[in-house]
Amino acid sequence: MRQPYLVTDRLDEVTNVGFALHVSIDKIHELDRSAQVGFWLIEANVSVQQAQHCLNIIRQQLIPNIYLRPIVFLSLNHESDAEIKLSGCDAVLYQNKEIDTQIATLISKFENTNQWIDKLPNRHQDSETNQILRTLRLIVSRNHEIAPVITAHSVSGFIYPLLETVTQGNDSSFFNILDFLETQKLIIGNFISHCHLCCQCHCAFLNFKEICPQCQSEDINSEELIHHFKCAHVAKKSAFQQKDSLYCPKCDRELKHIGVDYDKPSVINHCNRCAADFQEAEIITECFNCHNSAAPEDQINRKIKAYRATAIGANAAMFGLDNLFTKIISSKVKFFTEAQFKQFLEIEIERIKRYQLSTSSLGLIKFIDIEKIYLQQGEKSIHFFEELSTIFKSILRLSDVVSTQDQSLFMIILTETSKENSLKAMKRIIEGLSVLLSENMHYTGSIPYEIEEINSETNLDQSLEQFVKKHVG
Amino acid sequence: MSVNSLILSVDGYFYYLFDFINSLTFLEFLIYFWPFFLLDLTRYLLLDALVIFLYIPRKILMRGKMYKARITLYKEMPLVTFLVPGKNEGKHIPRLAESLQQQTYKNFELIVVDDGSDDNTHIICRQLEREKKIDKFIRQSMRGGKAAAANTALCYAKGKYIVHIDADSHLSDDALETILLPFYLDEKIGAVGGDVRVANTFASMATRMQAIEYSKSISVGRTVTSMLGILRIISGAHGAFRRDILQRIHGWDVGPGLDGDITLKIRKLGYKVVHEPDAICYTNTPEKFSQLAKQRFRWDRSLVRFRLRKHSDLLQPSKSFRLSNFITSLDNIFYNFILNFKWWIYFLLLLIFGADDSLDLLLIFSINYFFYFLSNLLEYTIACLLYGKSLRRENYFLFFYILFVPFYTGIFLRTVRTYAYTMELLFKASYYDKWNPWKVSKVAHRENL
Ligand SMILES: [Zn+2]
Ligand SMILES: [Zn+2]
Ligand SMILES: [Zn+2]
């Protein structure tokens, strides 16, 4: 039977006697693996902020079994509901009502989520650092649509409370994660609204201002024009105004009914600084946060969606994203698994030893973190990977064998290629990669690589170890 | 002898023709061809010839004054406003703005008013405004008619002079400075009409006919009426106005016919209006006779509406009575309106009294054709003389087409005109014209404007 676990930040101050099970926030990762956690309960009576702090610590844990479990705030009344809604907790427990019934309801409500977490392989390992996977797992585990909440408390104007802790408020990388998951069809978004965001800081608080197209002054007035049908007279409304009614200055008639004897065909703006008359004011947006001014079309216009996991997404959340990049790149270049690669290498070593006619080479390249690419490139990372594949494809031959470890270290067997020629090929790959990285990610660091001749002494594990030691540290 | 067998023999035709002419006494000849001798010959051909032969030497004598006027103009360098109202004219505006850059007189602004276009006019013009190729673009989302659109532009015009042009026309490079010169020759001049010529002369038969017609009725016709002091219209396609006068009369009134209307209003204030044949504007004319018929139907009706209805006071003795204004109106009404119906009378009379058989009718018709061909030839020659330096090669090619002009003016235009006058007199059809938005027509009709 699952139970609520009261999470406290100071164990000695536990006042809620009703809850037998409790755990200190800084000891939460040491909790017994067999504990049947129904949800984490956090006391939010004294301060929602403090409870929020506690929640953040739980959601930032690296153990799936801990950070994925539902979180419930304990509250006395509905006073702080608005604040709690933004906190990212899964539910609220009200102390003034039948607590036991509430708990029972919540436990059964979270049963599906908890069962899903229980099925996760390696759910007790504290190794879950991939922000994309964490985001996806939170979405999948809840099994309902994750909707945005509009709020002035967030700079981006809206938040997904459940997912806020993943990137710790770094909005641009958060958007990129969502975009990436969506383009990979792991989640699908339902359009909710549009939002203009500052192109510099992603702040949603933009001041839209009409300015004079000639002198950029904000001090402008607008006035309607009136067209008197009878005499075709057109002038500013003020020219027609006499006390409370409108009289035509051309024909002295009173204007009575709009649409019948007159209408207002347009509105004209007047600049109080440079006296220019113009119909279309320029519009400029100024960010309340970083004070950057830009034309509206230069700001980011983001579609805000509610997200739901797809079947593929559910699968990826369960078993990991490991194969994602390889999947993309292998559409162009044939990638082998590490085990297959080792087999090929052994065959090649044997062949060379036996005939002593040819030379082949082994190449290693350490590549920048793939996750960084996801975070920085968002949905564009697909194109990035495609270009990457093209580089590999254009330089390697069909007989060459390629594999990757951790999707950041590439291993290549260049068959029938001398060390010299392999070096040339390798350099061309590095050149291509450097251009790609500097153009797309502004990454200008070096890309480490190594070439060795394949002979009877070749040992892949040893070479890898040395390579990593030498270049990655 | 029947007509059929006559056609078989050209010799026979001429035999009968000369025989017929010989058999008539001079008086009988005049009686048979009274419309030509009594009216067209005197009012148009002789008058045109006389005045033009006065105009051309006068122009030469005026050279010194013109030179001085030009110096005054450039010393003063007044701002001039080009005013272009229109609906769905966006496609023409880039070319127009471009061509205005070629003007020898540079101190002008360009205001374009979009009168409720339903195409991409506003996108094109707004872009040109951003590129500073248009100084001001005003979009009226609701159509108000051409007069209202021009008045909107007038609201924001800053120029001392206003030049009203059509979007689909283009000006010769010195048109602006030339049209301004009369203001510096005589300070009683309130408005100057520019010459309008056909840009697409060789597009079709219809445009060739119009090219000849424009040269007669506008270039020569208006120069003549201008010299006589009875110019009655400054065309919207090309006209310059003093802004202070336009503002005094609060701009244009509800159309159609607003061009003639505003000219008369300026005259009523006591100002002179003149035509300047050397300020040239080339305009695109309808290429099909059917389109042309529609255009003329609209124009012709405005005669009834404005001359006979709205400005009937010009014909009545009153405080504002001026002889020249009286003659202006009378000339227009008489020669266009009444004389239009004279043809039907002439035809009827011929049928009843004059012609014994169809052969006589054919002969009378032939002689009339010959007279009108000859007079057109002379009138067009006068036009070519008037053009002087601005004469183009295409003007010579048009001489051949004068053969067809008697049919064009005598049959095509006359039929359209008769129909237009009848419809307007009987049904006030122009109030239902799509040319104005319905809301405006309704008020105009109710107010009996
Ligand atoms: Zn009025
Ligand atoms: Zn300004
Ligand atoms: Zn900002």
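Keep in mind that this is a model prediction, so the values were computed, not measured.

S.K.: Which parts of the structure should I look at to understand the overall build of chain B?
M.R.: For chain B, the helix and strand inventory stands at 18 helices and eight strands. In chain B, which comprises 449 residues, the share counted as buried stands at 54%. For chain B, the share of sequence-separated contacts (at least 6 apart) that also reach a separation of at least 24 residues comes to 82%. About 20500 Å² of surface is accessible on chain B, with carbon and sulfur atoms providing 63% of the total.

S.K.: It is not clear to me how the coordination of the zinc ion (ligand 2) should be interpreted in this structure. Could you clarify?
M.R.: Geometry sets the ideal angles at a metal, namely 109.5 degrees for four tetrahedral donors and 90 or 180 degrees for six octahedral donors. All names here are of chain A. The coordination sphere of the zinc ion (ligand 2) contains the protein donors Cys-212 (SG), Cys-215 (SG), Cys-271 (SG) and Cys-274 (SG), at a distance range of 2.2 to 2.4 Å. Read in sequence order, the donor residues coordinating the zinc ion (ligand 2) give the pattern C-x2-C-x55-C-x2-C. Here Cys-212 is found in the loop between β9 (206-211) and β10 (220-228), whereas its partner Cys-271 is found in strand β16 (residues 267-271), with 59 residues between them in sequence. Taking relative accessible area as the criterion, Cys-271 reaches 1% and is therefore assigned buried.

S.K.: Got a minute to help me understand the pattern of salt bridges in this structure?
M.R.: Close approach of charged atoms lets side chains of opposite charge pair. Residues and elements named next belong to chain A. Inspection of every chain in the model, using the stated rule, returns 32 salt bridges over all chains. With a shortest N-O distance of 3.1 Å, Arg-2 and Glu-111 are connected by a salt bridge. Taken together, the positions of Arg-2 in the segment before β1 (3-8) and Glu-111 in helix α5 (residues 111-119) put the pair 109 residues apart, joining distant regions of the chain. Arg-2 gets classed as buried once you look at its relative accessible area, which sits at 10%. On the accessibility criterion, Glu-111 (24% relative accessible area) is partly exposed. For Asp-118, the salt bridge identified is with Arg-2, shortest N-O distance 3.0 Å. With a gap of 116 residues between them, Asp-118 in helix α5 and Arg-2 in the segment before β1 connect regions that are remote in the sequence. Classification of Asp-118 by relative accessible area gives partly exposed; the value is 29%. When salt bridges with common partners are traced through the structure, they connect Arg-2, Arg-69, Glu-111, Asp-118 and Arg-123 into a single cluster.

S.K.: Where do I start with the environment of B:Tyr44 in this structure?
M.R.: On the secondary structure map, B:Tyr44 appears in helix α4 (residues 34-61). Residue B:Tyr44 is classed as partly exposed on the basis of its relative accessible area, which comes to 29%.

S.K.: For this particular structure, what's the right way to read the interface of chain B and chain A?
M.R.: You'll often see interface size given as the accessible area lost when the parts meet. Listed as interface residues are 29 residues of chain B and, on the opposing side, 24 residues of chain A. Summed over both sides, the interface between chain B and chain A buries roughly 2100 Å², with carbon and sulfur atoms accounting for 55% of that surface. Counting across the interface, chain B meets chain A through three salt bridges. Among the salt bridges present, the one from A:Glu280 reaches B:Arg130, with a minimum N-O distance of 3.1 Å. The tally of links from chain B across to chain A stands at nine residue pairs in polar contact (both at pLDDT 80 or more).

S.K.: Just checking my understanding: could you explain helix α12 (residues 258-268) of chain B for this structure?
M.R.: Residue and element names in this part refer to chain B. Buried residues dominate α12, accounting for nine of its 11 residues. Among the residues making up α12, those that are buried are Leu-258, Gly-260, Asp-261, Ile-262, Thr-263, Leu-264, Lys-265, Ile-266 and Arg-267. Downstream of α12 by a residue or two, Gly-270 has a phi angle that is positive, lying close to 100 degrees.

S.K.: What am I meant to see in the coordination of the zinc ion (ligand 1) here?
M.R.: All names here are of chain A. Protein coordination at the zinc ion (ligand 1) comes from His-228 (ND1), Cys-231 (SG), Cys-248 (SG) and Cys-251 (SG), with a distance range of 1.9 to 2.3 Å. For the zinc ion (ligand 1), the four donor atoms in the first shell make angles of 104 to 114 degrees at the metal, a pattern classed as tetrahedral. For the zinc ion (ligand 1), the single-chain donor residues occur in sequence as H-x2-C-x16-C-x2-C. Placement of His-228 in strand β10 and of Cys-251 in the loop between β13 (245-247) and β14 (254-255) is noted, with a sequence separation of 23 residues between them.

S.K.: In this structure, what is going on with the side chain of B:Gln140? I would like to understand it.
M.R.: Position of B:Gln140 among the secondary structure elements: in strand β3 (residues 136-140). A polar side-chain atom of B:Gln140 sits 2.9 Å from a polar atom in the side chain of B:Thr152. Once you skip the residues sitting within four places of it in the chain, B:Gln140 turns out to touch A:Leu225, A:Pro265, A:Ser266, B:Val113, B:Asp114, B:Asp115, B:Gly116, B:Ala148, B:Ala149 and B:Thr152.

S.K.: Explain the sheet that holds β1(A) to me, please; I cannot follow it from the model alone.
M.R.: Whenever strands of a sheet pair, they do so through backbone hydrogen bonds, lying parallel or antiparallel. Residue and element names in this part refer to chain A. With parallel pairing, the five strands of this open sheet are ordered in space as β2-β1-β3-β4-β5. Two strands close off the open sheet at either side, each with one partner strand: β2 (22-24) and β5 (91-94). Across the sheet, the axes of successive neighbouring strands diverge by a mean angle of 35 degrees, strand direction being ignored. Pairing geometry for β1 and strand β3 (residues 37-43), over five bridges, is parallel. Residue Gln-3 lies in a different strand from β3, and its bridge partner there is Val-37. Sitting on the sheet, helix α1 (residues 48-59) is in contact with β1, β3 and β4 (71-75), with an inclination near 165 degrees to β4.

S.K.: I would appreciate a short explanation of a nonpolar patch on the surface in the present structure.
M.R.: All names here are of chain B. A cluster of nonpolar side chains, namely Ile-345, Phe-347, Leu-348, Leu-349, Leu-351, Ile-352 and Phe-353, defines an oily patch on the protein surface of about 740 Å² accessible area. Mapped onto the elements, Ile-352 comes out in helix α14 (residues 323-354). The exposure class of Ile-352 is exposed, given its relative accessible area of 56%.

S.K.: Got a minute to help me understand helix α6 (residues 131-142) of chain A in this structure?
M.R.: Given 3.6 residues per turn, any residue in an α-helix points the same way as the ones three and four places further on. Between the first and last C-alpha of α6(A) there are 17 Å, a value that for 12 residues agrees with the 16 Å anticipated at 1.5 Å per step. Considered for burial, the residues of α6(A) that qualify are A:Ile132, A:Leu133, A:Arg134, A:Thr135, A:Leu136, A:Arg137, A:Leu138, A:Ile139, A:Val140, A:Ser141 and A:Arg142.

S.K.: I keep staring at the sheet that holds strand β24 (residues 409-414) of chain A and nothing clicks. Help me out?
M.R.: All names here are of chain A. Spatially, β21-β23-β24-β22-β25 is the arrangement adopted by the five strands of the open sheet, whose pairing is mixed. Whereas interior strands pair on both sides, the edge strands pair on one side only; in this sheet they are β21 (335-336) and β25 (449-453). For strand β22 (residues 361-366) and β25, the ladder comprises five bridges, and the chain directions are antiparallel. For Ile-365, the partnering residue across the bridge sits in β25 and is Tyr-449.

S.K.: Looking at this structure, how should I read the nonpolar core?
M.R.: Where a protein is soluble and globular, its nonpolar side chains tend to be buried together. Residues and elements named next belong to chain B. Membership of the largest hydrophobic core comes to 35 residues, with the highest contact counts inside it found for Phe-82, Leu-176 and Leu-180. For this core, the element with the highest residue contribution is helix α9 (residues 175-185), accounting for seven residues. In this structure, Tyr-156, Ala-191, Ile-262 and Ile-266 belong to the second largest nonpolar core, which totals 34 residues.

S.K.: Before we go on, may I ask you to explain the packing of α6(A) against helix α10 (residues 311-319) of chain A in this structure?
M.R.: The axes of two packed helices give the description: the angle between them and the distance between them. Residues and elements named next belong to chain A. Remark: α6 packs on α10, axes separated minimally by 9 Å, with the N-to-C direction vectors making an angle of 120 degrees. When the axis of α6 is compared with that of α10, the two are oblique. As for the relative orientation of α6 and α10, their crossing is left-handed in sense. Where α6 abuts α10, its residues Leu-133, Leu-136, Arg-137 and Val-140 lie against Gly-313, Ala-314, Ala-316, Ala-317 and Met-318. Each residue belonging to the contact of α6 with α10 can be placed in one class, and the counts come to seven nonpolar, one polar and one charged.

S.K.: Just to check I follow, could you spell out the packing of aromatic side chains for this structure?
M.R.: Two descriptors summarise a pair of aromatic rings, namely the distance from one centre to the other and the angle between the planes of the rings. Considering all chains together, one arrives at 24 aromatic pairs over all chains under this definition. Three or more aromatic residues link up through ring pairs in this structure, and these residues are A:Phe158, A:Tyr160, A:Phe174, A:Phe175 and A:Tyr307. A cation over a ring is seen here: A:Arg134 above A:Tyr67, with NZ or CZ 4.1 Å from the ring centre. The ring of B:Tyr387 carries the charged tip of B:Arg197 above its face, separated from the ring centre by 3.6 Å.

Definitions and cut-offs
Residues numbered from 1 in each chain as written. Chains lettered and ligands numbered in written order. Predicted model: local features only at pLDDT ≥ 70, side-chain atom pairs only at ≥ 80, totals over all residues. Heavy atoms only, no water. Helix = DSSP H or I, 4+ residues; strand = E, 2+ residues; numbered from the N terminus. Buried < 20%, exposed > 50% of the residue type's maximum accessible area, 1.4 Å probe, protein only. Contact = heavy atoms within 4.5 Å. Areas by Shrake-Rupley, 256 points an atom, 1.4 Å probe, with all protein chains shown as cover. Donors = N, O, S within 2.8 Å, 3.2 Å for Na, K, Ca; no water. Salt bridge = Lys/Arg side-chain N within 4 Å of Asp/Glu carboxyl O. Buried area = accessible area lost by both parts, 1.4 Å probe. Polar contact = N/O pair within 3.5 Å; in protein donor to acceptor, adjacent residues only side chain to side chain. Tetrahedral: all angles 85-135°; square planar, octahedral: opposite > 155°, others 65-115°. Pairing = 2+ DSSP bridges. Axes fitted to C-alpha atoms, helices over the stretch in contact; angles between N-to-C directions. Patch = residues over 30% accessible without salt bridge, like charges linked within 9 Å, V, L, I, M, F, W, Y side chains within 5 Å. Expected span 1.5 Å × (residues − 1). Core = buried A, V, L, I, M, F, W, Y, C linked by side-chain atoms within 4.5 Å. Parallel < 35°, antiparallel > 145°, perpendicular 65-115°, else oblique. Left-handed = near helix turned anticlockwise from the far one by under 90°. Nonpolar A, V, L, I, M, F, W, Y, C, P; charged D, E, K, R; others polar. Phe/Tyr/Trp six-rings, centres within 6.5 Å; stacked < 30°, edge-to-face > 60°. Lys NZ or Arg CZ within 6 Å of the ring centre and 35° of its normal.

By themselves, these are just geometric observations and shouldn't be taken as functional.
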